[in-house]
Amino acid sequence: MRRSRITPEREAEIYAAVLDLLREMGYEALTMDAIAARTKSSKATLYRQWGSKPELIARALRHNKPVSIADIDTGSLRGDLLESVHRSDDCQMERDAALMRSLFHAIHDNPELHHALRQVLIEPEITGLNTLLRRAVERGEVSPDNPALGFVIHMMVGGFVARDLIEDRTVDREFLFSYIDAVILPALGV
């Protein structure tokens, strides 16, 4: 991010307002003018700090998820995955799922948004998950040649998407705990 005289508290306020507006309006209707008005900022300041609407939204989403999955180390892969679920409550998951649904739709028509989300949000999550998996391999929990290692992120995303599509229900902690134990860990031979 660019150098800033914005305090961390002010930055957090702006990020919270961006996410609220995104939930209210959706990506396409959200404008930098609306963000400036809601946050009592100038549009020039927003562009100077974040460069673009996609970048600002990606940073707001990343700020909303301040704990990296790579920082979780309970000593077992199951413990790590369950702890990653414990770090969010059902209400937050429902709010985040609604945001992500609207953004996934917008990604198809907006390569700049796709790039920003990949760089700021998705790649760090993939890196963090790979760190958990690497530690599990090093501990001997997962065979290094297990073909499912390359598909864990796909399984995780698939669980989120499938529950909404098939059951018309948002993912919650109970579902994720069961999904980890019934799908992900058996696929990895744990």
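Higher on the page you've got the structure.
What counts and what doesn't
- Every chain is numbered independently, its residues counted from 1 as its sequence is written.
- Totals for whole chains, interfaces and linings use every residue, but because this is a predicted model, local features are given only for residues with pLDDT of at least 70 and side-chain atom pairs only at 80 or more, for both listing and counting.
- The basis for every side-chain value is the complete set of non-hydrogen atoms in the structure, without hydrogens or water.
- Take a side-chain nitrogen of Lys or Arg and a carboxyl oxygen of Asp or Glu: if they are within 4 Å of each other, that pair is a salt bridge.
- Numbering of helices and strands starts at the N terminus; helices are DSSP runs of H or I of at least 4 residues and strands are runs of E of at least 2.
- Burial status follows relative accessibility: with a 1.4 Å probe on protein chains alone, a residue under 20% of its type maximum counts as buried, one over 50% as exposed, and anything between as partly exposed.
- Counting of polar contacts relies on pairs of N or O atoms within 3.5 Å, with two restrictions inside protein: one atom must be capable of donating a hydrogen and the other of accepting it, and residues adjacent in sequence are counted only when both atoms are side-chain atoms.
- The contact criterion used is simple: two residues touch if any of their non-hydrogen atoms lie within 4.5 Å.
- Stacked, edge-to-face and tilted are the three classes for Phe, Tyr and Trp ring pairs, Trp counted by its six-membered ring, which pair at centre distances within 6.5 Å; planes under 30 degrees apart are stacked, over 60 edge-to-face, the rest tilted.
- Counted as over-ring charges are cases with an Arg CZ or a Lys NZ within 6 Å of the ring centre that also lie within 35 degrees of the ring normal.
- Whenever a helix is involved, its axis is fitted only over the stretch in contact; in every case the axis is a line through C-alpha atoms, and angles between N-to-C directions fall within 0 to 180 degrees.
- In what follows, roughly perpendicular refers to angles from 65 to 115 degrees, roughly parallel to angles under 35, roughly antiparallel to angles over 145, and oblique to any angle outside these ranges.
- Classification convention: Asp, Glu, Lys, Arg as charged; Ala, Val, Leu, Ile, Met, Phe, Trp, Tyr, Cys, Pro as nonpolar; all other residues, Gly among them, as polar.
- Definition of nonpolar core: a set of buried residues of the types Ala, Val, Leu, Ile, Met, Phe, Trp, Tyr and Cys, connected through side-chain atoms within 4.5 Å.

Our focus in this paragraph is the pattern of salt bridges. Following the criterion strictly, the structure yields 17 salt bridges and no others. The salt bridge involving R163 is made with E167; its shortest N-O contact spans 2.9 Å. Here R163 pairs with E167, and both are found in helix 8 (residues 152-167), just 4 residues apart, close to one helical turn. Given the relative accessible area of 38%, E167 is considered partly exposed. Residues joined by salt bridges that share partners form a network here, namely D73, D80, R135, R139 and E141.

As a further point, take the side chain of D172. For D172, the location among the structural elements is in the loop between helix 8 and helix 9 (173-187). Engagement of the side chain of D172 in a polar contact is seen with the side chain of R163, the distance being 3.4 Å. Discounting residues that sit within four places of it in the chain, D172 has contacts with D90, M93 and R163.

Let us now look at unusual backbone geometry. Here the phi dihedral of K40 falls at roughly 55°; this positive angle occurs in a residue that is not glycine. Mapped onto the elements, K40 comes out in the loop between helix 2 (32-39) and helix 3 (43-50). Given the relative accessible area of 74%, K40 is considered exposed. One non-glycine residue, D168, lies in the positive phi region at around 55°. In this fold, D168 is placed in the loop between helix 8 and helix 9.

As a further point, take the packing of aromatic side chains. One pass over the full model with this rule turns up 2 aromatic pairs. Here K53 stacks its cationic end above the ring of Y27, 4.0 Å away from the centre of that ring.

Looking now at the packing of helix 6 (residues 90-107) against helix 7 (residues 111-138). The geometry of helix 6 relative to helix 7 is characterised by a closest axis approach of 8 Å and an angle of 130° between their N-to-C directions. Relative to helix 7, the element helix 6 is oriented oblique. Packed against helix 6, whose contacting residues are M100, L103, A106 and I107, the element helix 7 presents P111, L113, H114, L117 and L121 at the interface. Taken together, the residues that form the contact of helix 6 with helix 7 break down as 8 nonpolar, 1 polar and no charged.

Within the largest apolar cluster, 28 residues are counted, with the highest numbers of intra-cluster contacts made by I35, L46, L56, I57, L61, L103 and L117. Looking at this core, the elements that each hand over two or more residues are helix 1 (8-25), helix 2, helix 3, helix 4 (53-64), helix 6 and helix 7. Look past the residues within four positions of L56 in its chain and what remains in contact with it is I14, Y15, V18, M32, I35, L46 and W50.

Every buried residue of helix 5 (residues 77-86) is accounted for by L77, D80, L81, L82 and V85. The secondary structure elements touched by the buried residues of helix 5 are helix 6, helix 7 and helix 9.

Nothing here speaks to function; it is all geometry.
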